[in-house]
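# Descriptive analysis of the structure
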Amino acid sequence: MYSKIVLCISETEDEILKKQLAMLSERHHADVERVDIGKAAGIIADCEPDILFISDDEKLLSEAKDKGMAINTPAGMRESYKKAMEMLKALGTGRSF
């Protein structure tokens, strides 16, 4: 369970990322905090291990991982979403995504 989801990206959020964030926020009852690199570095330094840290900055991700934080990338989240949609289609749900 995550107490907070921290998003630090240089790109613009697309619809898939927004859906993924909303789903994670609902599942974990956690707020999503969108931060810049400076604020993200401070969060990592404070090392709250129950935070999910999402970033497209490899250095920040490495630092967060070294501190024991759960990490993910926007690209990884998009890939997971696509795989899940493919699996649902393969099951023949008949729903359009």
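See the structure shown above.
### Regarding the overall build of the protein chain
Within the protein chain, the regular secondary structure consists of four helices and four strands. In the protein chain, the succession of α and β elements from N to C terminus is β-α-β-α-β-α-β-α. Viewed in the frame of its principal axes, the protein chain has a C-alpha envelope of about 45 × 25 × 20 Å. Long-range pairs, those at least 24 residues apart, make up 53% of the contacts in the protein chain with a sequence separation of at least 6. Surface accessibility of the protein chain: about 6,100 Å² in total, with carbon and sulfur atoms responsible for 50%. The protein chain carries 14 positive and 18 negative side-chain charges, and their two centres are separated by 5 Å.

### Regarding the nonpolar core
Within the largest apolar cluster, 12 residues are counted, these being Val6, Cys8, Val35, Ala40, Ile43, Ile44, Ile51, Phe53, Leu60, Leu61, Ala64 and Met69. Put simply, the parts of the chain that give this core at least two residues each are strand E1 (4–8), helix H2 (37–46), strand E3 (51–55) and helix H3 (58–66). The next biggest cluster of nonpolar side chains, apart from the first, holds nine residues, and it includes Leu17, Ala30, Leu52 and Ile54.

### Focus: the pairing of E3
The buried count for E3 comes to five of five residues, which makes it a mostly enclosed element. Sheet analysis places E3 next to strand E4 (residues 70–72), joined by three bridges and oriented parallel. The residue bridging Ile54 from the neighbouring strand is Asn72, located in E4. On the question of chirality, the crossover connecting E3 to the parallel E4 by way of H3 is right-handed.

Criteria and cut-off values
- Residues numbered from 1 in each chain as written.
- Predicted model: local features only at pLDDT ≥ 70, side-chain atom pairs only at ≥ 80, totals over all residues.
- Heavy atoms only, no water.
- Helix = DSSP H or I, 4+ residues; strand = E, 2+ residues; numbered from the N terminus.
- Contact = heavy atoms within 4.5 Å.
- Areas by Shrake-Rupley, 256 points an atom, 1.4 Å probe, with all protein chains shown as cover.
- Lys, Arg positive; Asp, Glu negative; His and termini not counted.
- Charge placed at Lys NZ, Arg CZ, Asp CG, Glu CD.
- Core = buried A, V, L, I, M, F, W, Y, C linked by side-chain atoms within 4.5 Å.
- Buried < 20%, exposed > 50% of the residue type's maximum accessible area, 1.4 Å probe, protein only.
- Pairing = 2+ DSSP bridges.
- Right-handed = clockwise from strand over helix to strand, strands pointing away.

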